[in-house]
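# Understanding the architecture of this molecule
One letter stands for each residue in the lines below.
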Amino acid sequence: MSAGGGKQDALARNGAAVKPDSARTIGPGATVGILGGGQLGRMMALAGSAMGYRFVAMDPAADGPAAQVGGSIEAAYDDRDAASRLAGRCDVITYEFENVDADVAAMLMEQSYVPQGSDLLYTTQHRLREKRAVEAAGAKVAPYAEIRSEQELRDEVNRLGLPAVLKTATGGYDGKGQWVIRSEEEIPAAYAELAKAGTELVLEQFIRFSKELSVIAARSSHGEVRVFPPAENIHVDNILHLSIVPARVEASVLEEAERLALRIVEGLGAVGLVAVELFLTEDGQLYVNELAPRPHNSGHFTMEACRTSQFEQHVRAVCGLPLGNPSLMSPVVMVNVLGQHVEPVVQRITAPDSEAARLSAVPKLHLYGKAEAKYGRKMGHINVLAPDTDAALAWIEGTGIWQAENEA
Ligand code: AMP
């Protein structure tokens, strides 16, 4: 997808989020349409169904995670006729992933009520635009440069220093579409490899972070804002492995992370959730790595550990209800269940627990209903509630299931 193309511009033109004075309140009983039908859509529908809403998800998979818990339209994401049918069945439309087709977004805004608009999608679909928006909101990002040629990459490597991270501006996720350049000899190969994507490239200074954190903020269509407690995230092979809450950092860092997320969600005039991924350095600096304009894997801990889950909060925000209280009720560690973990996890969770384990940790299993447990595929997660995060981590370690990851 070319970032500067006409499609993207169409997305930019008429896509502001709804203003508080023209926001609607969509009450229970109404139907919410979701672009995308993966696990985020499923958990959104489960939370919203409990509040009395109906859901229809549009997704190319016939029996995907969301289709199993609500209505569905089986269609490609860029199918305009199908999107039009979705608009006809729904009172409000949201999305569960950020690479929403520009034409479909513009069309839905004409035919239906899309309180989130498409400006935020336009911004977060492209790393350069996202960085500029984050800076405009008053938060720091790693020093960066736009790269249009191998020579430019050479010049910017000289300016920013090594190591540096070359990324495609669009389409990357879970570490795909990036190359950590550690020596000048790697420049031609890195440029050749990433240029294949046919999108602009961004070079970032490598941040020697001590921890990765994330914070999810919500802003309702009426302009109300709330922020969830920050999570400390541990990735393995670029895929989220653990979210630890409360994050094991100083209170002042937590406060600053929350402040930054609120500044960003307000600065962007976003409606719905915005997940903010952060790098924390040894000297206490916070850099924004990237944003996601939707529920986020690192916010799954909220499902049992917070008074309001990220999914309920998202439904409340787009439907114009008062936002729920996001405060933490219990320390928690979320561990992702990937394809290779499903079998042992199901065995462990169905086996009788020892008294000690039952008393100290309460593991809550969520599975997304995906048919094929492929290696590395996100199949579910467990929220381990415990008196403290050490006890939750001990439960995870005690299962032996994530041994390889924990040793990585
Ligand atoms: P991203 O796709 O941008 O979220 O990057 C995936 C992972 O790569 C991050 O979670 C970091 O662990 C690492 N990473 C990305 N950008 C940088 C950077 N500028 N400095 C250090 N590590 C990075």
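This structure is a prediction, so every number in the text was calculated from the model and none was measured.

## Some thoughts on the overall build of the protein chain
Counting its secondary structure elements, the protein chain contains 15 helices and 17 strands. With the C-alpha coordinates of the protein chain rotated into their principal frame, the extents come out at 65 × 50 × 40 Å. Burial status across the protein chain gives 55% buried among its 408 residues. Across the protein chain, contacts joining residues at least 24 apart in sequence account for 66% of those joining residues at least 6 apart. Looking at the protein chain as shown, the accessible area adds up to about 16,700 Å², and 48% of this sits on carbon and sulfur atoms.

## Things to note about the nonpolar core
In this structure, Leu-35, Leu-278 and Val-288 are the most contacted members of the largest nonpolar core, which totals 51 residues. A per-element tally of this core places helix α9 (residues 251-267) first, with 7 residues. Beyond its immediate stretch of four places on either side in the chain, Leu-35 contacts Met-58, Leu-86, Thr-94, Tyr-95, Glu-96, Phe-97, Val-100, Val-104 and Leu-108. With 26 residues, the next largest nonpolar core counts Val-18, Ala-47, Ala-66 and Tyr-368 among its residues.

## Comments concerning the side chain of Thr-123
Looking at the secondary structure, you find Thr-123 in helix α5 (residues 119-124). Exposure remark for Thr-123: the relative accessible area of 13% places this residue in the buried category. Discounting chain neighbours no more than four positions away, the residues touching Thr-123 are Arg-129, Glu-130 and Ala-133.

## Points about the site of the ligand
Close to the ligand lie 16 residues; Lys-167, Gln-178, Ile-207, Glu-212 and Glu-290 are nearest. Here an oxygen atom of the ligand and a side-chain polar atom of Arg-127 are 3.1 Å apart. One of the backbone N or O atoms of Gln-205 is found 3.0 Å from a nitrogen atom in the ligand. The protein chains hide 91% of the 470 Å² of surface that the ligand would expose on its own. Listed by contribution, the elements that provide at least two residues to the shell around the ligand are β6 (164-168), β8 (201-205), β9 (209-219), β13 (272-281) and β14 (286-292). Residues belonging to the shell around the ligand are distributed by class as follows: 5 nonpolar, 5 polar and 6 charged. Taken together, domain 2 (143-205) and domain 3 (209-407) each give at least three residues to the shell around the ligand, which thus spans both.

Rules used in this analysis
Residues numbered from 1 in each chain as written. Predicted model: local features only at pLDDT ≥ 70, side-chain atom pairs only at ≥ 80, totals over all residues. Heavy atoms only, no water. Helix = DSSP H or I, 4+ residues; strand = E, 2+ residues; numbered from the N terminus. Buried < 20%, exposed > 50% of the residue type's maximum accessible area, 1.4 Å probe, protein only. Contact = heavy atoms within 4.5 Å. Areas by Shrake-Rupley, 256 points an atom, 1.4 Å probe, with all protein chains shown as cover. Core = buried A, V, L, I, M, F, W, Y, C linked by side-chain atoms within 4.5 Å. Near = heavy atom within 4 Å. Polar contact = N/O pair within 3.5 Å; in protein donor to acceptor, adjacent residues only side chain to side chain. Nonpolar A, V, L, I, M, F, W, Y, C, P; charged D, E, K, R; others polar. Domains from an automatic or database assignment.

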